[in-house]
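Tertiary structure, described
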Amino acid sequence: MLEQIVSSVNDIVWSPALIVLLIGAGLYFSFRTRFVQVRKVRQMCRLLFKGGASNEDPSGGAKGISSFQAFCVALSGRVGTGNIVGVATAIAMGGPGAVFWMWVIAFFGASTAFIESTLAQMYKFPHNGQWCGGPFSYISKGLHSKALGIVFALLTILGYGCLLVTVQANGAASAMHNTLHISPLAGGLILAVILALVVIGGLKSISKVASIVTPFMALGYILISIVVLVTRWDAIPAVFASIVSNAFGINPLCSGILGSTIAMGVKRGLFSNEAGQGGGAIVSASAEVRHPAVQGLVQSFSVYVDTLLVCTATALMILSSGSFNVFSPAGEMIHAGAPELGNNYVGFTQAAVDSVFSGFGSAFITVALFFFAFTTIMAYCFYAESSIVYLFSLSGKGRKLRAEKAVTWIYRIILLAAVAFGAAKEANLVWQIGDIGVGLTTWINVIAILILCPQAIKALKDYESQS
């Protein structure tokens, strides 16, 4: 019964209209910014470490996290189980061609990330000594719709804080079960305990831990991926050819699932890089930079790191090793590259690494997934707690501080319970729940930034005139 309800809601939220909206918005932003995601790549890298502090002197003496910390928190939200399990799921349900559509959504999504993060900087506000903001803020102030801003904040708490964490926990627990034979529930409880040690420190604690752990885990994963791909260098050209041919239904093997190929590529791509969802914009608002466009450029680059580097590394490992199966929407197996894996999507990536590092692959992916899930849930906590801050800021400066702290602590308990719940549930159900959380926030946010886009373009032109 629960599975049927979740599936029906997911079909409504993720109708073809949302896919068209995402790709259309990315195209529009790309042309309006004159493809800022291409023109400013070198500057993105430089600003990552030299974003510069804000020249503003905000009321309340608010101070933000550094541009690099904001990048790391946003990247930790982007780099998660979607980069390992999500990519494997996309290949299983959409074939190799789904990877191409992940690239497409990342390329155009980089311009979307620029727009939403720039707007977040423009509409940030000081609260208890730090900067806060995000889609709820620019919806409330920019669109002059406080009610819709409240709805978005509530959806963020529900979607990120209660739904999406289940996906991250499930991926980590599944990997631990495959390798260490720990029960999924026990794995979820271990993850919850370690998370508790970080989230009790609040937003500052999360940003500091993310700035240390995220670069380390991403770099380590990419290095192992490079080693695996070097050993299979002769298969890489054929893999790229397969990705392109399957993306447009040229290959007869997967031509019958072209719709699933596009849908899964966009879904998993968005789930991974978060462009348009609004989460990255929430972190961007907390950064202290000299110009709003600076953080827009930094967050645009984080989409590239997530999808074009980490997701692509996973996809190439799986495809070059042949450790995957492809299923039709009806559940029938189309391609049986690794029949012993069935629909164990985590196993696709584990088998790919294990094919080169025998006896090490499963353990490595388990560790990687654990850290990916750990940092991503930290980022989700950051998004949700920032939403709570926004909701209480509406009641007036300095009012209801005790109530805000009480609600924050209640939320943290719910977050940790959701981690344990997600770890113990069946994978397909958990992924659908996560898709609903992604889709709900995306619908509202993308429409909002389409309307407010001219303000971000004006900020970009002002920044370029000063450079």
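These lines cover the structure that appears in this document, whether it is placed above or below. (Residues numbered from 1 in each chain as written. Predicted model: local features only at pLDDT ≥ 70, side-chain atom pairs only at ≥ 80, totals over all residues. Heavy atoms only, no water.)

**A short note on the pattern of salt bridges**
Applying the stated criterion across every chain, the model contains 4 salt bridges. For Glu-464, the salt bridge goes to Lys-40, with nearest N and O atoms at 3.6 Å. Pair noted here: Glu-464 is in helix 19 (residues 427–466) and Lys-40 is in the loop between helix 3 (36–39) and helix 4 (41–49), with a separation of 424 residues, a long-range link. You'll find Glu-464 and Lys-40 in the same group, each marked buried. (Salt bridge = Lys/Arg side-chain N within 4 Å of Asp/Glu carboxyl O. Helix = DSSP H or I, 4+ residues; strand = E, 2+ residues; numbered from the N terminus. Buried < 20%, exposed > 50% of the residue type's maximum accessible area, 1.4 Å probe, protein only.)

**Here we look at helix 7 (residues 97–122)**
For helix 7, built from 26 residues, the straight-helix expectation of 38 Å at 1.5 Å per residue is met to within 8% by its first-to-last C-alpha distance of 38 Å. Of all the bends in helix 7, the largest measures some 35 degrees and sits at Gly-109. (Expected span 1.5 Å × (residues − 1). Bend = angle between axes of the 7 residues up to and from the residue.)

**Some words on the packing of helix 17 (residues 361–393) against helix 18 (residues 401–424)**
At a closest axis distance of 10 Å, the pairing of helix 17 and helix 18 adopts a crossing angle of 150 degrees. With respect to helix 18, the element helix 17 is oriented roughly antiparallel. Seen from above, helix 17 lies across helix 18 with right-handed handedness. Here Ile-377, Tyr-380, Cys-381, Ala-384, Glu-385, Ile-388, Val-389 and Phe-392 of helix 17 come into contact with helix 18, specifically with Ala-403, Glu-404, Val-407, Thr-408, Tyr-411, Arg-412, Leu-415 and Val-419. (Axes fitted to C-alpha atoms, helices over the stretch in contact; angles between N-to-C directions. Parallel < 35°, antiparallel > 145°, perpendicular 65-115°, else oblique. Left-handed = near helix turned anticlockwise from the far one by under 90°. Contact = heavy atoms within 4.5 Å.)

**Quick look at the nonpolar core**
Among the nonpolar cores identified, the biggest contains 92 residues, and Ile-115, Leu-119, Tyr-138, Leu-191 and Tyr-383 are the most heavily contacted of them. Ranked by the residues each element gives to this core, the list is headed by helix 17, at 15 residues. Residues within four places of Leu-191 in sequence aside, it is in contact with Ala-169, Ala-172, Phe-370, Ala-373, Phe-374, Ile-377 and Val-419. Residues Met-217, Ile-224, Ile-236 and Ala-368 belong to the second largest nonpolar core, which totals 44 residues. (Core = buried A, V, L, I, M, F, W, Y, C linked by side-chain atoms within 4.5 Å.)

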